[in-house]
Amino acid sequence: MDLYGFFAAAAFLFGLLFGSFLNVCIYRLPRGLSIVSPRSACPQCHALIAAYDNIPILSWLLLRGHCRHCKAPISSRYAAVELLTGAMFLASYLGFGGPTLASLKAIVFSFLVIGLVFTDAETHLLPDALTLPGIVLGLGFSIFVPLGSILEQHFTSSSVLAGGFSWQFLSFADSLLGTAIGAGLIYGVGEAYFRLRGIEGMGFGDVKLMAMVGAFLGAGQSLFVLFGASTVGAVYGIAVLMQVRGKRLRRYARVQRPDAAARAWQSASLAMQYMEIPFGVFLGGMALVAMFFGTSVLHWYLGLFR
Ligand SMILES: [Zn+2]
């Protein structure tokens, strides 16, 4: 096996291990527990988990998703996070030119986003322990890996500013602008949502998550992530609404209520009002899509107006 292939395999295996560590973070960070000690134990019977039962994917498969001691079920999330992290590390390596700083940046970003998405899905929390260092890392990486965004292209193609700034400066400015736009816009959306529905739709966790996404991806792509995630979130909301309506409609039809249709709508929209949509899941998912395909999508989109 050549060196390129060797590093690719290493990226995948490291991804599995880091995914295993993320599982610890996903369980412990929202509960305010240390991620360093004590050693992992079964949450049901508190038996310590032996090293041979802690091998990513394999252990979960061999134990068929159950604790060795008390046979309590272990969520398939554990295996899913490990496999996804492994796959994303490998995709980052292959997609960003092999052993480069750009791949390392993509790997770090995937790690943080996967941790945040799964924590948000389970607990509706986005821990500062991931988002705040993420903002700093995103800003830091912009000085070493150029952000090829609209801002940079605009500046370098503009005769007034061309040559005056190094790419490091422009890339950092783009990252900083991405942080501000990401955080600012989602804060605005959250405010509008609050005024509209009277309940808190977005927490500060989402604001910090988008600040991190903007720092890593730059201004143009943080807009792409916001619009993409809002669209997917809206489609998801409508799908849930229709599903609830369908269920209620069948129930009311069974008891032959004459106003079944109207009642079903009413009941479904009431359920929607109190449903919490983990928006961080959509933001994070879209951020990973943007990391790989955002630049091509933005170029295609801007090409429509030329
Ligand atoms: Zn157990």
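Everything quoted here is computed from the prediction, not taken from an experiment.

**Q** Before we move on, could you go through the overall build of the chain and cite the residues and values that matter?
**A** Along the chain, the regular secondary structure elements total eleven helices and zero strands. Ordered by position in the sequence, the α and β elements of the chain form the string α-α-α-α-α-α-α-α-α-α-α. Each of the 306 residues in the chain was classed as buried or not, and the buried ones make up 35%. By sequence separation, contacts in the chain at least 24 residues apart represent 71% of the contacts at least 6 residues apart.

**Q** Help me get a handle on the domain arrangement of the chain, residues and values and all.
**A** Domain parsing of the chain yields domain 1 (1-99) and domain 2 (125-306). Relative to domain 2, the C-alpha centre of domain 1 lies at a distance of 27 Å.

**Q** Would you mind going over the packing of helix α8 (residues 204-217) against helix α9 (residues 219-254) in detail, with residue names and values included?
**A** Running from amino to carboxyl end, α8 crosses α9 at an angle of 135°, the nearest separation of the two axes being 7 Å. Comparing their axes, α9 and α8 come out oblique. The way α8 lies across α9 gives a crossing that is right-handed. Touching Met-210, Val-213, Gly-214 and Leu-217 of α8 are Ala-219, Gln-221, Ser-222 and Val-225, all from α9. When its residues are assigned to classes, the contact of α8 with α9 shows five nonpolar, three polar and no charged.

**Q** Help me get a handle on helix α4 (residues 101-123), residues and values and all.
**A** Over its 23 residues, α4 runs 33 Å from end to end, which matches the ideal 33 Å to within 8%, given 1.5 Å per residue. Most of α4 sits inside the fold, with 17 of its 23 residues counted as buried. One or two positions beyond α4, positive phi appears at His-124, with a value near 60°.

**Q** Can you explain helix α11 (residues 279-303)? Please cite residues and give values.
**A** In this model α11 runs just 30 Å from its N-terminal to its C-terminal C-alpha over 25 residues, more than 12% under the 36 Å that 1.5 Å per residue would give. At Phe-293, α11 is bent by approximately 75°, the largest bend along its length. All of the buried residues in α11 are Phe-279, Gly-280, Val-281, Phe-282, Leu-283, Gly-284, Met-286, Ala-287, Leu-288, Ala-290, Met-291 and Gly-294. If you follow the buried residues of α11, they end up packed against α4, α8 and α9.

**Q** Go over the packing of helix α1 (residues 3-28) against helix α3 (residues 77-95) with me, naming the residues and quoting the values.
**A** Close contact between α1 and α3 brings their axes to 7 Å; oriented N to C, the two are set at 140°. The angle between α1 and α3 falls in the class oblique. Judged by the sense of rotation from one axis to the other, the crossing of α1 with α3 is right-handed. Grouping the constituent residues of the contact of α1 with α3 by class yields 18 nonpolar, six polar and one charged.

**Q** Please set out the nonpolar core residue by residue, giving values where relevant.
**A** Formed by 59 residues in total, the largest nonpolar core has its most connected members in Ile-114, Val-213, Val-225, Leu-283 and Ala-287. With eleven residues, α4 is the largest single contributor of residues to this core. Summarising the domain contributions, this core has at least three residues from each of domain 1 (1-99) and domain 2 (125-306). Each residue touching Leu-283, except ones within four places of it in the same chain, is listed here: Asp-206, Leu-209, Met-210, Val-213, Val-225 and Ala-229.

What counts and what doesn't
Residues numbered from 1 in each chain as written. Predicted model: local features only at pLDDT ≥ 70, side-chain atom pairs only at ≥ 80, totals over all residues. Helix = DSSP H or I, 4+ residues; strand = E, 2+ residues; numbered from the N terminus. Buried ≥ 20, exposed ≤ 12 C-beta atoms within 10 Å, placed from the backbone. Contact = placed C-beta atoms within 7 Å. Domains from an automatic or database assignment. Axes fitted to C-alpha atoms, helices over the stretch in contact; angles between N-to-C directions. Parallel < 35°, antiparallel > 145°, perpendicular 65-115°, else oblique. Left-handed = near helix turned anticlockwise from the far one by under 90°. Nonpolar A, V, L, I, M, F, W, Y, C, P; charged D, E, K, R; others polar. Expected span 1.5 Å × (residues − 1). Bend = angle between axes of the 7 residues up to and from the residue. Core = buried A, V, L, I, M, F, W, Y, C linked by C-beta atoms within 7 Å.

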